[in-house]
Amino acid sequence: MFVAHLALVVKMGQISLHAYVVMPEHVHMLVSLADDLKMENFLRTFKRRTSEKLNRLLGHSGAFWLPGGGYDVNINTRKQYLIKVAYVHENPEKRGLVGWEHSSIGAYLGAAYNGPEITFVGTDAKW
């Protein structure tokens, strides 16, 4: 459900998705926003819509996400980008979740992958 909503916002052109992982109690997403979108607005809307859908699916009500706007950081170099992509994809293994499939790692490894479209930043990217 979460990944389906993530795929929808990618398809709508709100974000370019570079990497993600859905952990049992949190998520990591590496995204770049459409030019006219601010991070706080994107996160607020994304979290509200996913919490409504997930609460409905799970039969829950009230807050789904922890309070706060999340954590965001500007990435200015290819090295920083590669470090963040690795961090996202290594997160499950560090927690002992070997073979965790709820991430974009398959797209990076050239393995079977049926998640949202991933935008790879090439070596010619302008930082």
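In what follows, the accompanying structure is described. All figures in this text were calculated on a predicted structure; none of them were measured in a lab.

Cut-offs used in this document
- Residues numbered from 1 in each chain as written.
- Predicted model: local features only at pLDDT ≥ 70, side-chain atom pairs only at ≥ 80, totals over all residues.
- Heavy atoms only, no water.
- Salt bridge = Lys/Arg side-chain N within 4 Å of Asp/Glu carboxyl O.
- Helix = DSSP H or I, 4+ residues; strand = E, 2+ residues; numbered from the N terminus.
- Phe/Tyr/Trp six-rings, centres within 6.5 Å; stacked < 30°, edge-to-face > 60°.
- Buried < 20%, exposed > 50% of the residue type's maximum accessible area, 1.4 Å probe, protein only.
- Core = buried A, V, L, I, M, F, W, Y, C linked by side-chain atoms within 4.5 Å.
- Axes fitted to C-alpha atoms, helices over the stretch in contact; angles between N-to-C directions.
- Parallel < 35°, antiparallel > 145°, perpendicular 65-115°, else oblique.
- Left-handed = near helix turned anticlockwise from the far one by under 90°.
- Contact = heavy atoms within 4.5 Å.
- Nonpolar A, V, L, I, M, F, W, Y, C, P; charged D, E, K, R; others polar.

Counted under the stated rule, the structure contains one salt bridge. Two residues, glutamate 25 and arginine 95, come together in a salt bridge whose shortest N-O distance is 2.8 Å. Remark: arginine 95 occurs in the loop between helix 3 (78-94) and helix 4 (105-109) and glutamate 25 occurs in the loop between strand 1 (15-22) and strand 2 (27-33); sequence separation between them is 70 residues.

Let's shift gears to the environment of valine 88. Among the secondary structure elements, valine 88 is positioned in helix 3. Counting along the chain gives 15 residues from valine 88 to serine 103, while the straight-line C-alpha distance between them is 8.4 Å.

Each aromatic ring pair is described using two quantities: the centre-to-centre distance and the angle formed by the ring planes. Within the structure shown, the criterion is met by five aromatic pairs. When the centroid spacing of 5.4 Å and the interplanar angle of 90° are considered together, the rings of phenylalanine 2 and phenylalanine 46 count as edge-to-face. Remark: phenylalanine 46 occurs in helix 2 (residues 39-58) and phenylalanine 2 occurs in helix 1 (residues 2-11); sequence separation between them is 44 residues. Residue phenylalanine 2 is classed as buried on the basis of its relative accessible area of 9%. Site record: aromatic cluster; members linked through ring pairs are Phe2, Phe42, Phe46, Phe64 and Trp65.

This part is about the nonpolar core. Counting residues in hydrophobic clusters, the biggest one holds 13 residues, and the most contacted among them are Leu6, Val9, Ile15, Leu17, Tyr20, Phe42 and Phe46. Contributing elements (two or more residues each) for this core: helix 1, strand 1 and helix 2.

Okay, the packing of helix 1 against helix 2 next. It is the contact of helix 1 with helix 2, at a shortest axis distance of 10 Å, that shows an interaxial angle of 140°. Put simply, helix 1 runs oblique to helix 2. Helix 1 and helix 2 meet at a crossing whose hand is right-handed. Taken together, the residues of helix 2 that come into contact with helix 1 (itself represented by Phe2, His5, Leu6 and Val9) are Phe42, Phe46, Arg49, Thr50 and Lys53. Partitioning the contact of helix 1 with helix 2 into residue classes produces five nonpolar, two polar and two charged.

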